[in-house]
Amino acid sequence: MKALIIYNPKAGRGRSQAFAEAAVALFAERDICLKPKALTLGENPFDGDEDAELVVVCGGDGSINYVVNCMRQKGLNPTLSIVPMGTANDMANALGIPRSHKRALKRILEGEVHNIDCGKVNDRYFVNVLSFGMGTTASQHTPRDLKKHLGKLAYIELRKMHPVRVTIKTESEEFTGDILIFLAFNGVTAGRMHLARNSRIDDGLFDVAILEARNAVLSYGDMVHYLLGGNPEAVHHFRCSHMEVTVEQDLATDIDGEPGPNFPLTISCEHGGLKIRY
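Residues numbered from 1 in each chain as written. Predicted model: local features only at pLDDT ≥ 70, side-chain atom pairs only at ≥ 80, totals over all residues. Heavy atoms only, no water.

A. Geometry of the nonpolar core. Phe27, Phe46, Val67, Val83 and Leu95 are the most contacted members of the largest nonpolar core, which has 47 residues in total. The element best represented in this core is helix 2 (residues 61-73), accounting for six residues. Non-local contacts of Val83, meaning those with residues more than four positions away in its chain, are made with Phe19, Val56, Val57, Cys58, Gly59, His101, Ala104, Leu105 and Ile108. (Core = buried A, V, L, I, M, F, W, Y, C linked by side-chain atoms within 4.5 Å. Buried < 20%, exposed > 50% of the residue type's maximum accessible area, 1.4 Å probe, protein only. Helix = DSSP H or I, 4+ residues; strand = E, 2+ residues; numbered from the N terminus. Contact = heavy atoms within 4.5 Å.)

The structure is reproduced here in structure tokens:
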């Protein structure tokens, strides 16, 4: 079996390369040739290795997103595995992959292959969550050491955020209104916050939550109420496999903590579109 281990050099506090090299030796004991490759933005890690059957990603949700999009660009569908080395590691958490790097590697060697869903928005792919609105692009701009204070940052941003007029059309319903936050989950958590209460990663459906706009104080209360397990009327839920989303102003989007595509958005769920070994 030909296998790659693609590592983000900045992940794991800079220790991902040393871990990848140790993994190569461990896989060799199982007669698996594991080739290490550093993840470099702007380059496709599958160049010259299109025949890889297993790809181990050492990094966070953004690294997984990058690898999946590079796979799709080449029309490839190897089996993926994850060694979580990011800040939130939402995808790894959704799959129950241990945070311990050694235990995660052991799970790869001893685990089984599962089919999970993959989200697609326009010509891009995402594995955990697509979002736009207040706070949803914070992970793109927030230094690692400040991410734990995101709650305070979210409140500050909420006071500055203007409502977005949005139209959402699914296969079964339509919503038009002013909102502050839009979240379409393939996974379960965002920044380790359990926001998708009904989501499963293999059911062929997105779990969508939107926060309808009110004034800053009431909207902040709605957010807190929801995070504490409540069901405020301003938070709307629905599940679907396909959406068309338009807005009346320019707005940034986010996929798995990375910059997403421009509006309008065509969003679809590829049921069982990814093979994951864990």
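So that's the structure; there's more coming.
B. Structural context of the pattern of salt bridges. All told, the structure shown has twelve salt bridges when counted by the stated rule. Note that Lys74 is salt-bridged to Glu50, the shortest N-O span being 3.0 Å. Placement of Lys74 in the loop between helix 2 and strand 4 (79-84) and of Glu50 in the loop between strand 2 (33-38) and strand 3 (54-59) is noted, with a sequence separation of 24 residues between them. By relative accessible area, which is 36% here, Glu50 ends up partly exposed. (Salt bridge = Lys/Arg side-chain N within 4 Å of Asp/Glu carboxyl O.)

C. Structural view of the pairing of strand 7 (residues 129-133). Of all five residues in strand 7, five are buried, a share of seventy percent or more. Note: strand 7 against strand 9 (residues 174-185), five bridges, orientation antiparallel. Within the sheet, the bridge partner assigned to Leu130 lies in strand 9 and is Ala184. Of the strand pairs in this sheet, strand 7 and strand 15 (residues 253-255) are connected by three bridges, and their pairing is antiparallel. The residue bridging Ser131 from the neighbouring strand is Asp254, located in strand 15. (Pairing = 2+ DSSP bridges.)

D. Structural view of unusual backbone geometry. For the bond running from Phe263 to Pro264, omega is -5°, close enough to zero to count as cis. Mapped onto the secondary structure, Pro264 falls in the loop between strand 16 (258-259) and strand 17 (265-277). Not every positive phi belongs to a glycine, and Arg13 is a case in point at roughly 55°. Tracing the backbone through its elements, the reader meets Arg13 in the loop between strand 1 (2-7) and helix 1 (16-28). Judged by relative accessible area, which is 78%, Arg13 ranks as exposed. The phi torsion at Asn89 lies on the positive side, around 55°, for a residue other than glycine.

E. Fine view of the confidence of the model for the protein. For the protein, mean pLDDT is 91; residues scoring 70 or higher make up 90% of the total. Segment residues 145-153: pLDDT under 50, and six contacts once partners within four positions in sequence are set aside and those in other chains are kept. (pLDDT = per-residue confidence, 0-100.)

F. Just the packing of aromatic side chains, in detail. Tallied over the full model, the rule gives three aromatic pairs. Their ring planes at 20° and their centres at 5.7 Å tell us that Phe126 and Phe206 sit as a pair that is stacked. Within this pair, whereas Phe126 is found in strand 6 (residues 124-126), its partner Phe206 is found in strand 12 (residues 206-212), the two being separated by 80 residues in sequence. The pair Phe126 / Phe206 is uniform in exposure class, with both members buried. Measuring from centroid to centroid gives 4.6 Å for Phe132 and Phe182, while their planes differ by 10°, and the two rings are stacked. Residue Phe132 is located in strand 7, and its partner Phe182 is located in strand 9; the two are separated by 50 residues in the primary sequence. A residue is classified by how much of its surface remains accessible, and Phe182, at 0% relative accessible area, is buried. One aromatic cluster is present, formed by Phe132, Phe182 and Phe263 through successive ring pairs. One Lys or Arg, Arg72, reaches over the ring of Tyr125 and ends 5.2 Å from the middle of that ring. (Phe/Tyr/Trp six-rings, centres within 6.5 Å; stacked < 30°, edge-to-face > 60°. Lys NZ or Arg CZ within 6 Å of the ring centre and 35° of its normal.)

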